[in-house]
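Geometric and topological summary
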Amino acid sequence: MTKAFRTLDDIGEVAGKRVLVREDLNVPMADGRVTDDTRLRATMATVTELADRGAIVLVLAHFGRPKGQPNSEMSLALVTKSYEAVLGRPVRYIDWEGAADAVATLQSGDIAVLENTRFFGGEEKNDPAVIDRFAALGDLYVNDAFSAAHRAHASTEGLAHRLPAFAGRAMQVELDALEKALGNPEHPVAAVVGGAKVSSKLDVLRHLVTKVDHLIIGGGMANTFLAARGVAVGKSLCEHDLTDTAEAILDAADKAGCTVHLPYDVVVAKEFRANPPVRIVNVHEVAADEMILDVGPSAVEALGDVLKNCRTLVWNGPMGAFETPPFDTATVALAKTAAALTQDGSLVSVAGGGDTVAALNQAGVADRFTFVSTAGGAFLEWMEGKDLPGVAALMR
């Protein structure tokens, strides 16, 4: 896919040039400390490469939701020291007031973090005046924040039309992985889609049935599909008002030649808490006072066999209520199967979404998938088949 985009390989000589680099520095914090530096580490390849090539690196990012108003609790000044520790080199913080003068003092190889882009009300409106203000500080633009690429903001989309624009290394890796997963995948392709509600992933399901050979549905949303097929699901989480919609998706899958896999044995309990008494039953044997909380072992084994016959896997969402033991069993087991197939070289596995990343980390296999995206909304919109403004703006 990145052949359609200009990357850092195409950027040419950057020594002494001011490069505006859009990154995702929206990290979690507690007591003034960054509690998870994953997003900071993801920026290293692009930022350090540009600095080592002599660029003046000006990092653009948002932090929290200040709604267009400066807010000291959402200042990127709070992140700068942690960012220095991750990069292993000095990082300067630059406030918007006097930014041009401050940038003028930087030298080749210097790195600076500009203040929160969302302190401008026009950032999220893609306001030309805000784009102009950003563009005046730079000579080149690099977008390295796929996680924000589904937003047409001044710093994610507008700048790409104002300055020569390139994809950063993290963006490049992400786009290449997504192309292998759904853009131009090796078939057969399987998709695992889980989560609580069908309503949150209707567009994903509608799109996937036209793209994949096997659609594996888990989590609470599987109950809605089971109900659509006439299965009594007891007290399970189920969107009964969407059974007609679920049936329409099943019909569309049938017409597209996509096989939909629903669980045929499940783990049920009468109460939702950690380690309650459970039963493993056929889906037709769920009692009226029981709820389905995970996929059963026989179904998981059969799904593992499906993956063994596939060449590509896209995964979004857990198979059960994985946060609460023992209802993480199916997710962990299937994830381990996918990871083993990936390591054997027989499967390209791409996963994304907040719950998915947490589930794969819990299974201890996130580093054994081909690619795991930390982008939430952007990954979901990509799975829906939507154009992402921040990506489209980088097209050659």
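Preceding this paragraph is the structure being described.
The sections below set out a description of the structure shown in this document. Throughout this description, residue numbers start from 1 for each chain and increase along the sequence as written. The predicted origin of the model limits local features to residues at a pLDDT of at least 70 and limits the giving and counting of side-chain atom pairs to 80 or more, whereas totals for whole chains, interfaces and linings rest on all residues. Hydrogens and water are ignored here; the side-chain numbers use all heavy atoms of the structure.

Counting from the N terminus, the helices are the DSSP runs of H or I reaching at least four residues and the strands are the DSSP runs of E reaching at least two. The secondary structure content of the chain amounts to 14 helices and 17 strands. Put simply, the radius of gyration uses C-alpha atoms, and a globule should come to 2.2 Å times the residue count raised to 0.38. For 396 residues, the compact-globule formula gives about 21 Å, and the C-alpha radius of gyration of the chain, at 23 Å, lands near that figure. Relative to its 396 residues, the chain shows a buried fraction of 56%. Put simply, of all contacts in the chain between residues at least 6 apart along the chain, 73% involve residues at least 24 apart. All accessible areas in this document rest on Shrake-Rupley with a 1.4 Å probe, and a residue is counted as covered only by the protein chains that are shown. Accessible surface for the chain amounts to roughly 16,300 Å². Of this, 48% is attributable to carbon and sulfur atoms. Separation between the mean location of the 37 positive side-chain charges and that of the 52 negative ones in the chain comes to 2 Å. Note on exposure labels: buried denotes an accessible area under 20% of the residue type's maximum, exposed denotes more than 50%, and partly exposed covers the range between, all computed with a 1.4 Å probe on protein chains only. The contact criterion used throughout is that any non-hydrogen atoms of two residues lie within 4.5 Å. In summary, the charge assignment counts Lys and Arg as positive and Asp and Glu as negative, without counting His or the chain termini. Charged groups are reduced to one reference atom each: NZ for lysine, CZ for arginine, CG for aspartic acid, CD for glutamic acid.

Attention shifts here to helix α5 (residues 128-135). Within α5, the full set of buried residues consists of Val130, Ile131, Phe134 and Ala135. For α5, the angular spread of buried residues about the axis comes to 135 degrees, placing them on one side. Tucked into the core, α5 has its buried residues touching β1 (18-22). Two or three places before alanine 129, at the opening of α5, aspartate 127 has a side-chain oxygen 2.8 Å from that residue's backbone nitrogen. Taken from the helix axis, the directions to the C-beta atoms give the arc we talk about. Two N or O atoms form a polar contact when they lie within 3.5 Å of each other; inside protein one atom must be a possible hydrogen donor and the other a possible acceptor, and for residues adjacent in sequence the pair counts only when both atoms belong to side chains.

Next up on the list: the packing of helix α8 (residues 219-228) against helix α9 (residues 243-256). Axis definition: a line fit to C-alpha positions, over the contact stretch in the case of helices; interaxial angles, taken between N-to-C directions, run 0 to 180 degrees. Running from N to C, α8 and α9 point in directions that differ by 85 degrees, and their axes come no closer than 8 Å. Viewed along their axes, α8 and α9 adopt a mutual orientation that is roughly perpendicular. Counting all contacts with α8, which are made through Thr224, Phe225, Ala227 and Ala228, the residues of α9 involved are Thr243, Ala246, Glu247, Ile249 and Leu250. Under the scheme applied here, ten amino acids are nonpolar (Ala, Val, Leu, Ile, Met, Phe, Trp, Tyr, Cys and Pro), four are charged (Asp, Glu, Lys and Arg), and all others, including Gly, are polar. For the contact of α8 with α9, the residue count by class is 6 nonpolar, 2 polar and 1 charged. When an angle is under 35 degrees it counts as roughly parallel; over 145 it counts as roughly antiparallel; between 65 and 115 it counts as roughly perpendicular; any other value is oblique.

Another point: the environment of glutamine 172. Along the chain, glutamine 172 falls in helix α6 (residues 169-183). Put simply, glutamine 172 and aspartate 110 are 62 residues apart on the chain and 23 Å apart in space, counted from C-alpha to C-alpha.

Before going further, it helps to spend a moment on the pattern of salt bridges. Salt bridge, as used here, is a side-chain nitrogen of Lys or Arg placed within 4 Å of a carboxyl oxygen of Asp or Glu. Taken as a whole, this structure holds 17 salt bridges when the rule is applied. Put simply, arginine 18 and aspartate 139 hold a salt bridge, and the shortest N to O gap is 3.1 Å. Taken together, the positions of arginine 18 in strand β1 and aspartate 139 in the loop between α5 and β7 (140-143) put the pair 121 residues apart, joining distant regions of the chain. Judged by its relative accessible area of 25%, arginine 18 falls in the partly exposed class. Take aspartate 139: its relative accessible area is 31%, and that puts it in the partly exposed class. With a shortest N-O distance of 2.9 Å, glutamate 49 and arginine 169 are connected by a salt bridge. A residue pair is termed long-range when its members are at least 10 positions apart, and glutamate 49 in helix α2 (residues 44-52) and arginine 169 in helix α6 qualify at 120 residues. Exposure remark for arginine 169: the relative accessible area of 16% places this residue in the buried category.

What makes two strands pair is DSSP finding at least two bridges between them. Taken together, 3 strands build an open sheet; the order of strands is β13-β12-β14 and the sheet is antiparallel. Strands at the two margins of the open sheet, each flanked by one partner only, are β13 (278-282) and β14 (291-295). Averaged over all adjacent pairs, the angle separating strand axes in this sheet is 40 degrees, with direction ignored. Sheet topology note: the strand β12 (residues 265-269)/β13 ladder contains 5 bridges and is antiparallel.

So, on to the layout of surface pockets. Both cavities and pockets are sets of points on a 1 Å grid over the protein atoms alone; in a cavity a 1.4 Å probe fits but cannot get out, in a pocket the set is open with protein on both sides within 12 Å along at least five of seven lines, and lining residues sit with an atom within 4 Å of a point. Grid points are joined across faces, edges and corners, and a volume is the space filled by probe spheres set on the points. Of the volumes computed, that of the largest pocket is approximately 730 Å³. Together, 30 residues line the largest pocket, and Thr38, Arg39, Ala42, Ser373 and Thr374 are the ones closest to its centre. When residues of the lining of the largest pocket are assigned to their parent elements, the largest contribution, 5 residues, is made by α6. Residues of the lining of the largest pocket, tallied by class, amount to 13 nonpolar, 9 polar and 8 charged.

Moving on, we get to the pairing of strand β15 (residues 312-316). The element β15 is extensively covered by neighbouring structure, given that 5 of its 5 residues are classed as buried. Both faces of β15 are covered, namely the face carrying Thr312, Val314 and Asn316 and the face carrying Leu313 and Trp315. Summarising the sheet, strand β9 (residues 189-193) and β15 pair through 5 bridges and their orientation is parallel. For alanine 190, the partnering residue across the bridge sits in β15 and is leucine 313. Inspection of the sheet shows β15 paired to strand β16 (residues 348-352) by 4 bridges, in the parallel sense. Of the residues in β16, the one forming a bridge with threonine 312 is valine 348. Each parallel crossover has a hand, and for β15 linked through helix α11 (residues 329-344) to β16 it is right-handed. Classification remark: right-handed applies to a crossover when, strands pointing away from the viewer, the course from the first strand over the helix to the second runs clockwise.

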